[in-house]
Amino acid sequence: MSTINERKIAIQRFYARNSLQCNIILRFVLGLIVFGSINANLGFLAPASSFLVTFGLAVVMAFLPLLIMVFAAVLLIIIQLYTLAIPIMAVTAIVFLVAFIVYARFTPNKCWVLLLVPIAFQFNIPFAIPVAFGLLGVPVMVVPAILGSVIYHLLHYIHLTEAEYAATGLADIVGGLASFINSALTNQTMWVYAIALSIGLLVVYALRTRSIDHNWKVATIAGVIVSFVIALVAGAILKVELRIGWMIFDVIIAILVGLILEVLFHQMDYKNTEFTQFEDEENYYYVKVVPKKFADVSVMPAAKRSGTQRLATGAGIGIAAAEAKKAQAQKPAEGASTQPRARSTNPNAHKSASNGRSNRKPGGRGAASSGRGKVKTSSVAARPNDKLVSAMKVTTSSAENQAAADLGATMVIDSEQAQRLAARKSAVMAKNAQSASRSSRPNSYGKSPSISSKEADRILLSRSLNKDLGLDQSDHNDR
Amino acid sequence: MLSQERIKLMVRLSTYEQGVGKNDIKISSYYKKDYVSFNTWMTILWVTLGYAVILGLYFLVSADTILAAMTIESLRYMGIAIFIIYGIVVAVFCIIGNTVYKRKHERSKERIKQYYKELSHLEKQLRKEAEEA
C-alpha cells in the first residue's frame, strides 16, 4: 500500500509541477478519442472523416475549454448525419436539443461528462460510468448517464443501419422520420442500459455516503453487481440479446476503476477510527472520525494537516475532551496538581471537559443557540500534556458573544480569530510533523527521543494556541 | 524586497479573476431575485421550445394514426392532455431552474465576497510595504 501511496504522491507532484501541459495532453487525448470515434462510426462525409481532420480537431481542442469540444463534437455529428439523411439528422439534433435543455443549460461547465458515457460504451465498459459518477459525483449525474446512453445507442444504430437510410432524401422525409424513430428510439438495449446505469449510480452514491468502513469499495462492488443484475433481468424481460462475456469483462474493469479512484481520491486509515459521543443543549452527537491516510506528511494540504475541522467544530472539541479523559485515566498517579485545569472564569468548565460535553446553557435555547449550522460551540478542550484547558466560544455576532459571556463561557472569540487559530494550528502541526520525522530517528547517542512525536505535537500546538488566546503558560505560572 | 505572501495572494486573485471570477462578477451584478427569475423564464422558454419540437415530431411521425382516429371528442382530450403534460413539465423545470440558479447565485456571491476580502488584504499589504519603504 505504501508503494501505491508513493506513486500516487509522485503523480500528484508531477501534475502539480506540469498541470498546464498535463491538461493540454489530456484534452488532446480526449479529443482524439471523441473525434476519432465519431469519424470511425459515422464517416459519411469523406473530407471530414480523414485522420488529418481528426488530429487537427484534437490539437485545436486541446487548447480550448471542454465546452467547445462538446459543441464541436455535436456539430461534427450533425454534419456527418446531414450527409447521410436529413430525417436522421433532424432526430439526432432534437436529441441533442433535449440534452441541452435538460442538462447542459444548468451545468455548462460539466457537460463534457456527456462525452464520457459514449466513450465508455465504445470501449465496452459502460458499468464504469455508474462507479465513476457515483463515487465522484452527485445523484444528478443520472441525467448525463441516461442521455449519454441514448446518444451512444442512437449513433450506434445509425452506424449499423446506415445503408437502409442512405437513400432517404427530402422526398420521403416523413416516412424516413417515422421509420427511424420507431426503430431507433424503441431500441430496447438502450433503455436496458439506461435503467441499469441509473440505478447502479444511485446505489453507488447511496453506499458511498454511508459511514461504513471501506464505503468506497462496498459502493463500487455493490453498484457494479446491481447494474449487472438489472441489465440481465431487464434484458431477459425485454428479450434483449446481451453479450454476457463482455459484460463480465465490464464488471471486472468497473471494479478496477472504482479501486483506482479510491486510491486517488479517498484513502482512509480505518485502523485508527475513533468514536465519540457528546451532547449540547440541542442535540446528542454520535461521531465517527476516520483519519485520512498520507504516506508523506509534506504533501498534505495545510488545512487537512492538523485536523482543523476538529478544532472548528463541536465534534472536534468533544474529541479533545474525550482525549483528555483518556489521558486522565492513563495518568492517575500524577494527582490533582497535574489534572487539566481551565484558566477559566467558568467554575464548571473543567467538569464539562472531563465529561466530554460542551458547556450547557441553563434554560435551554437563547441568543447563543440561534443560527443552527454555524460554527459555534461552547466547550472546554483539555490538552493532557501541558495541563491546559482552553475554553472557546466560536460565534459570528457580537450579540452571540454577549450571550455567551452572560452564560459564563471562558473565552469568546470570533470566527475570524478561530480561523486564524486553525491556520496557526496547521502551521505548527506541519512544522512538528517534519521535526518529529527527524527526531524519531535515533540521535547521535543511539537513543530514541524521550517523548513521542504525538506528544511533541500536542505540547507545541497547545503552546501556540495559548499564545494566540493570551493564555501563555509561562505568564500563567508567573502569576 | 519581494513579499512571497503578497505574490501568492496576487496570483490567487488573478487566477480567480481570469477563471470563475469572470462569470461570478457577471452573476453577482444582478440581485438574486432578478437573476433567478430571469433564468427561470429562460428555462421555461427553452422547455417550451423543446416540448413544441418533440410534439411536432410526434405529430409528424404518427400523423396517419391520428388522422385515422380523429374526432372532435378525441381532439379535445388530446388538447387537454397536451396542456396538462406541458404544465407538469414546465412546473418541474421551474422548480429545478429556481433551485439551481439560486444556489449558483449564492455560491458566486460567496466567492466574490472572499475575493473582495483578499483584495482588501492585498491593498493593506501594499500600503504597509509603501510605508515601510
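Below: a short report on this structure. Since we're looking at a predicted model, the values are computed, not measured. (Residues numbered from 1 in each chain as written. Chains lettered and ligands numbered in written order. Predicted model: local features only at pLDDT ≥ 70, side-chain atom pairs only at ≥ 80, totals over all residues. Heavy atoms only, no water.)

**Some details on the overall build of chain A**
Summing up its helical and strand segments, chain A has 21 helices and 6 strands in all. By the burial criterion, 43% of the 479 residues in chain A qualify as buried. Counting contacts in chain A only where the partners sit at least 6 residues apart, residues at least 24 apart contribute 68% of the total. Accessible surface for chain A amounts to roughly 24600 Å². Of this, 62% is attributable to carbon and sulfur atoms. (Helix = DSSP H or I, 4+ residues; strand = E, 2+ residues; numbered from the N terminus. Buried < 20%, exposed > 50% of the residue type's maximum accessible area, 1.4 Å probe, protein only. Contact = heavy atoms within 4.5 Å. Areas by Shrake-Rupley, 256 points an atom, 1.4 Å probe, with all protein chains shown as cover.)

**Comments concerning the environment of Leu-197 of chain A**
All names here are of chain A. Structurally, the position occupied by Leu-197 is in helix α11 (residues 188-208). Along the primary structure Leu-197 and Ser-227 are separated by 30 residues, whereas in three dimensions their C-alpha atoms are 6.0 Å apart. Setting aside chain neighbours within four positions, we find Leu-197 in contact with Phe-121, Pro-126, Phe-127, Pro-130 and Ala-145.

**A word on the interface of chain A and chain B**
Tallying the contact residues gives 14 residues for chain A and 18 residues for chain B. Taken together, the two surfaces of chain A and chain B that pack against each other cover about 1500 Å², and 78% of this comes from carbon and sulfur. Broken down residue by residue, the surface that chain A buries against chain B is led by Ile-101, Arg-105 and Phe-106 of chain A, which jointly contribute 44%. At the junction of chain A with chain B, the criterion picks out 0 salt bridges. (Buried area = accessible area lost by both parts, 1.4 Å probe. Salt bridge = Lys/Arg side-chain N within 4 Å of Asp/Glu carboxyl O.)

**Looking at the pairing of strand β1 (residues 274-279) of chain A**
The side chains of a regular strand alternate between both faces of the sheet. All names here are of chain A. As paired elements, β1 and strand β2 (residues 284-289) share 6 bridges and run antiparallel to each other. From the neighbouring strand, Phe-275 faces β2, where its bridge partner is Lys-288. Remark: 4 residues form the turn of the hairpin made by β1 and β2, two consecutive strands paired antiparallel. (Pairing = 2+ DSSP bridges.)

**Quick notes on the nonpolar core**
The nonpolar side chains of a soluble globular protein tend to be buried, and buried together. Formed by 80 residues in total, the largest nonpolar core has its most connected members in Leu-42, Leu-81, Ile-88, Phe-127, Phe-133, Ile-158 and Phe-180 of chain A. Among the elements that line this core, the one with the most residues is helix α8 (residues 142-160) of chain A, at 10 residues. Filtering out sequence-adjacent residues up to four positions away, Phe-180 of chain A remains in contact with Ile-88, Val-91, Leu-154, Tyr-157, Ile-158, Tyr-165 and Leu-185 of chain A. Counting 11 residues, the second largest nonpolar core, distinct from the first, contains Ile-27, Val-47, Phe-93 and Tyr-101 of chain B. (Core = buried A, V, L, I, M, F, W, Y, C linked by side-chain atoms within 4.5 Å.)

**Focus: helix α12 (residues 215-237) of chain A**
The periodicity of an α-helix, 3.6 residues per turn, causes residues three or four positions apart to be oriented the same way. All names here are of chain A. The first and last C-alpha atoms of α12 sit 32 Å apart over 23 residues, in line with the 33 Å expected at 1.5 Å per residue. Looking only at α12, the buried set comprises Asn-215, Trp-216, Ala-219, Thr-220, Gly-223, Val-224, Ser-227, Phe-228, Ile-230, Ala-231, Ala-234 and Gly-235. In this fold, the buried residues of α12 make contact with α7 (128-136), α11 and α13 (244-265). (Expected span 1.5 Å × (residues − 1).)

**So, the side chain of Glu-118 of chain B**
All names here are of chain B. Mapped onto the elements, Glu-118 comes out in helix α5 (residues 72-132). The class for Glu-118 is buried, based on a relative accessible area of 17%. Sequence-distant contacts of Glu-118, defined by excluding residues within four places in its chain, comprise Leu-9, Arg-12 and Leu-13.

**Side note on the packing of helix α3 (residues 32-61) of chain B against α5 of chain B**
Between two packed helices, the angle of one axis relative to the other and the distance separating the axes together describe the packing. Between α3 of chain B and α5 of chain B, whose axes approach to 8 Å, the crossing angle comes to 145 degrees. Crossing handedness for the pair α3 of chain B and α5 of chain B: right-handed. (Axes fitted to C-alpha atoms, helices over the stretch in contact; angles between N-to-C directions. Left-handed = near helix turned anticlockwise from the far one by under 90°.)

**Thoughts on the side chain of Asp-24 of chain B**
Tracing the backbone through its elements, the reader meets Asp-24 of chain B in helix α2 (residues 20-28). Only 2.7 Å separates the side chain of Asp-24 of chain B from the side chain of Tyr-16 of chain B, close enough to count as a polar contact. (Polar contact = N/O pair within 3.5 Å; in protein donor to acceptor, adjacent residues only side chain to side chain.)

**Overview of the pattern of salt bridges**
If the charged atoms of two oppositely charged side chains come close together, the side chains can form a pair. Residue and element names in this part refer to chain A. Per the counting criterion, the structure on display carries 8 salt bridges over all chains. For Asp-213, the salt bridge identified is with Lys-288, shortest N-O distance 2.8 Å. A residue pair is termed long-range when its members are at least 10 positions apart, and Asp-213 in the loop between α11 and α12 and Lys-288 in strand β2 qualify at 75 residues. With a relative accessible area of 37%, Asp-213 lands in the partly exposed category. Judged by its relative accessible area of 26%, Lys-288 falls in the partly exposed class.

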